[in-house]
Structure formats: C-alpha cells, structure tokens
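Working through the structure, step by step
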Amino acid sequence: MKTKTILTSLSFALALTTARAADLTPAETKAIAEEAFIYGLPIVMNYAVMHEYAVDKDGPQFKAPFNQIKNEARVFTYEDTAIITPNSDTPYSFNWLDLRAEPMVLSVPAVEKERYYAVMLCDGNTYNFGYIGSRATGNDAGDYMVVGPDWKGEKPAGIKKVFTSTTPFAVAGYRTQLFNAEDMPNVVKVQAGYKAQPLSAFLKQPAPPAAPKVDFLPATTAGIQANYFQYLDAAIRFVPPAPEEKEIRSKLAKIGIGSDKPFDFKSLPAEQKEAFMLGMKSGDEQVDKFLVSGVKIINGWGVGSFFGDREFFKANWLKRAAAAKGGLYGNDAVEATYPFTRVDGKGAKLDGSKNKYTLTFPAGQLPPVNAFWSVTMYDGKSQFLIKNPINRYLINSPMMPQMKKSADGSLTLYIQKDSPGADKESNWLPAPNDLIYLVMRLYWPKTEAPSVLPAGAGTWKPPGIVKAN
C-alpha cells in the first residue's frame, strides 16, 4: 500500500506539476489560468526581452551583458522584433541591471538644452520606477543610484537621487533625440557620456561578493504564446511578491506556478492543457477589450494613460497587461502620451491593401509638446515596423523643414502602400499591404492650453484619419 501511494504521488507530480493542481476541475483551472495570463503578461514579456537582450549572447537580439550599456547608433527598423510597437524616433541605449550584489550608479553627461533625452527605469513588474532626463532632472550632468528591493542604506555623497526597483533585475532604457540623419554623430557623442558602474566602484571601495549565477529559462518574444505558463513560472521567481499580490500568487500556486518545482505544461492531461489554453485565450480577449474601453476615443484615436509606477497601477492587473500589449516599455503620460488607432475617423478598420488615407493637422494645430511629436506606422497584426521602399517608419516634427504644407498652412500626411507621387513623397508615410496600426508619440506633452494632458481630457484633439477618394 505504501509503495502504491508513493507511485501515485510520483504520477501526480509528473502529470500535474503539483499535487494541488490535481485537485482542480478544468473549469477552476481555466478561471485561474485566465487571471494568470492577465497578471503575468507584462512580467512574461519583460522576461523574454531581458533574456534576448542580456542573456542569450548568441541570439540575434542580444545587446550586452547585465550592467553594461549598449548604445544603438541607429533607430529601430522592421528587423527589430524583440519589442512590439518599437520606437523609431530616438536611438536607444539599453542597460539591463542586476541589482542583487549592490546598487548601480548611472551617470549622464550635460546635454544641449534643445535636445530631448530621457532615461526610463523599468523593473520586472514593468513599473516605471523613475526617470532621469530633460523633463525629470534637466539636461545637466549628474550621478544617480538605482537599488534593488532589499537594499538598505543612505544616499552617498555625490548622488543626486536614489531610485528603488521592486525587482532585483531592471532595465534602464535611454532615449536620445535625433534631429535628422546627419545628426547621428552628435547623438553618438551624447551616448558616449552615459556611464554605469557598481556603487563600490563609484565610491572606490572593495566590491562585495558577486551574486550567484542564474540559469535562466531560455525565452523569446516569439515563443510567448506557445510557452506562456512556463515563462511565467520562470519569470515570477525574480519578482518578489508585494502585499497586494498575496491573493493572485496563491491562485498561481494552485496551478503549479511559482512552486518549488518548474512548471511542466507538456505533462499535463489533455483536459487540463485545454483549460490552460482556454483561460489564456479568454484573458487575452479581456486585455484587448480593455485596450479599447480603457481609453477615451477621440476621432478614432485611443487616448489615455497606461504606464506608470506601482502606485499608478494600484494592483489593476488588467490595466498593466493592456499597457504591455499596447506597447511594452511605454512612458508615463507626463513623459510621453501615445494616441493610437486601427480605424479611421469614422470607425472603419484601416487596411492598406484596400484604401489610401490622409491625416491632416490644421494650421496652428500640430501636437502641442515641449520636446517633439511623431506618427509611426506598424503592421496591424504583428505591431512591428514594416519594410518599405524608402525606409521611412514614421513622420515626426524634426522632419518639418523637408515637408510640404498646404496653402492654408495645414499639414497633410499621405498614408498608403504606394508612393503618392514625387510631389507628395516628402509627406508619405508608407503603409503595409494589410491592416494598419498607427501610434502618435507626443514627447513631454504640454499641460497648458492647447494641452495634451490630462491624457484623453486635454484641449488638443488628434485629427481623424480620412479615407482618400
């Protein structure tokens, strides 16, 4: 009898990952899996990007090891597929931070006043826990410290500010404004001034013992759909639970996620696998609905505030998931606001294979920003940039001198898959031969009239997309 019990227990462990999962009905599993998808989507997406950028040294998306800055002397193109809805306005610099052994000190150079730059600090929860840059700290040089959740100590002399991550791994994402192609050498000079070093090096003291090596579960952005629950199980081991997560973490444990054994989806019985997948599908549908209902629709554009710190989200997991799916690593609204649309001003779906479109800003009604604005084109299905004959992924305010305005002073953009003709090509935003997803980026939006902020309630309204005759 004893031997039979042991064999039965082993069978349960192999088939259902944990004994507790075996006690759930498929309906109960589906319900928890749905919540798990919504809660964990941003955590999983971030983990996959971290692995591609900082862990998988042989992968095509690899940037640099932890605690080393990788400067990109270029803007993102259709070949960059690790992050959905990528920004192609500002050359990026990335620094994935491992804060387990000690804090990291990030130093920035003095940047000319007319050039916008921002360093966004984002943790494993995808909370934006701090900013360095033009809006937040100004364009003067400075040294800033980033600490992990367990750090205790005083702010050292010479450090302007301390930023605390909720997770031991975080990312510093640098955006440096590029005025035009000829301006790239100047951006490179700014990027060369970005420095990162451990606190011990900054203080010229002996380094503490190194943190133990981690065997990360290999993950890719492309593999999220097929391996979601395995990735979630791996990722939350590096996301310490906050008090407001007690209930959801308890539910995750019931389906074997975050337990003392790795989650093994392949060994689940067929009915449990189906329950997991149905839960994921239902959760994904809820996220999509929130992306539409959680914003104010203005002339077809969704305008709202999706990104922020832990206090901003207040344990609203659906809002956090929608933010990640809408555009991972987006800025707080005060840093950048992102009107987005898949439809024209009348609500009809944007389809570059069937129609041509225009977007017209009336005279004196360009987006009101302190830094700059842009309109970026994406494939409506993948949310990646699209390959096109003129290698143009966006139109932005620095391009204004090369663009043509109408006699009344208005600015019209031509949104279509084929050239509108040589006389209009300066204003052409190439579209896919398929569904279209458009995103405006309004950097450092104005709060005074005409205002972008509060997001969705400002006095400036984005004009609707018009189907061309």
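Scroll up a little and you will see the structure.
Here we summarise the structure given alongside this text. On a predicted model such as this, the values are computed, not experimentally measured, just so you know. Throughout this document, residue positions are counted from 1 along each chain, in the order its sequence is written. Local features in this predicted model are restricted to residues of pLDDT 70 or higher, and side-chain atom pairs are both shown and tallied only at a pLDDT of 80 or more, whereas totals for entire chains, interfaces and linings draw on every residue. With hydrogens and water excluded, all non-hydrogen atoms of the structure serve as input to the side-chain values.

Here we take up the overall build of the protein chain. From N to C terminus, the protein chain includes ten helices and 20 strands. Taking 2.2 N^0.38 as the reference for a compact globule, 469 residues should give roughly 23 Å; the C-alpha atoms of the protein chain span a radius of gyration of 24 Å, in line with that estimate. The dimensions of the protein chain, computed from C-alpha atoms along their principal axes, are 90 × 60 × 40 Å. Here the protein chain holds 469 residues, and the buried ones make up 55% of them. Contacts are residue-level and defined by heavy atoms, with any inter-residue pair within 4.5 Å sufficient. Intrachain contacts of the protein chain at a sequence separation of at least 6 include 73% that bridge at least 24 residues. Shrake-Rupley sampling with a 1.4 Å probe provides the accessible areas, and residues are treated as covered by the protein chains on show and by no other component. Carbon together with sulfur atoms contributes 55% to the accessible area of the protein chain, which is approximately 20600 Å² in total. Positive and negative side-chain charges of the protein chain, numbering 53 and 47 respectively, have mean locations separated by a distance of 1 Å. A run of H or I in DSSP counts as a helix once it spans at least four residues, and a run of E counts as a strand once it spans at least two, with each numbered from the N terminus. With C-alpha atoms as the basis for the radius of gyration, the globule rule is written as 2.2 Å multiplied by the number of residues raised to the power 0.38. To sort residues, take the accessible area from a 1.4 Å probe on protein chains only and compare it with the maximum for the residue type: under 20% means buried, over 50% means exposed, and anything in between is partly exposed. Here the positive residues are Lys and Arg and the negative ones are Asp and Glu; neither His nor the chain ends is included. The atoms used to mark charge sites are NZ of Lys, CZ of Arg, CG of Asp and CD of Glu.

Looking now at the packing of helix 8 (residues 270-293) against helix 10 (residues 317-327). One can describe the packing of helix 8 onto helix 10 by two numbers: an axis separation of 9 Å at closest approach and a directional angle of 80 degrees. Looking at the two axes, helix 8 sits roughly perpendicular to helix 10. Facing helix 8, whose interface residues are D284, Q286, V287, D288, F290 and L291, helix 10 presents L318, K319, A321, A322, K325 and G326. Orientation is described by lines fitted to C-alpha atoms, with helices fitted over the stretch in contact, and by angles between N-to-C directions that extend from 0 to 180 degrees. If an angle is under 35 degrees, it is roughly parallel; if it is over 145, roughly antiparallel; if it lies from 65 to 115, roughly perpendicular; otherwise it is oblique.

With that settled, consider the side chain of T341. With respect to the secondary-structure elements, T341 resides in strand 13 (residues 340-341). With relative accessibility at 1%, the residue T341 sits in the buried group. A polar atom in the side chain of T341 sits 2.8 Å from the backbone oxygen of G300. For T341, the residues in contact, after removing those within four places along its chain, are G300, W301, L350, I436, Y437, L438 and I465. Any pair of nitrogen or oxygen atoms within 3.5 Å is treated as a polar contact; in protein, a donor-acceptor pairing is required on top of that, and neighbouring residues in sequence qualify only through side-chain atoms on both sides.

Relative to the helices and strands, S374 is located in strand 15 (residues 373-379). Among the polar contacts made by the side chain of S374, one reaches the side chain of D89 at a distance of 2.6 Å. Filtering out sequence-adjacent residues up to four positions away, S374 remains in contact with D89, I395, N396, V439, M440 and R441.

Further remarks concern the sheet that holds strand 17 (residues 411-416). With respect to topology, four strands assemble into an open sheet ordered 18-17-14-20, the strand pairing being mixed. Of all the strands in the sheet, just strand 18 (428-430) and strand 20 (466-467) have a single pairing partner and so form its edges. Strands pair, by our definition, only if DSSP identifies at least two bridges between them. The sheet contact formed by strand 17 and strand 18 spans three bridges and is parallel. Bridge assignment links Y414 to a residue of strand 18, and that residue is W428.

Let us look at the pairing of strand 17. Counting buried residues along strand 17, six of its six residues qualify, which places the element largely inside the surrounding structure. Of the two faces of strand 17, both are covered, the one formed by L411, L413 and I415 as well as the one formed by T412, Y414 and Q416. Relative to strand 17, strand 14 (residues 357-361) is paired through five bridges, and the arrangement is antiparallel. The residue of strand 17 that forms the bridge with T358 is Y414.

What follows concerns the nonpolar core. Counting residues in each nonpolar core, the largest one holds 79 residues, and the members touching the most others are W96, Y228, F229, F306 and Y329. Looking at which element gives the most residues to this core, the answer is helix 3 (residues 26-55), with 16 residues. Those residues in contact with Y228 that lie beyond four places of it in its chain are A36, F37, G40, L41, V44 and M280. Buried residues of nine kinds, namely Ala, Val, Leu, Ile, Met, Phe, Trp, Tyr and Cys, make up a nonpolar core once their side-chain atoms join them within 4.5 Å. Core analysis: the next-biggest nonpolar cluster, separate from the first, contains 27 residues, L411, L429, L442 and V452 among them.

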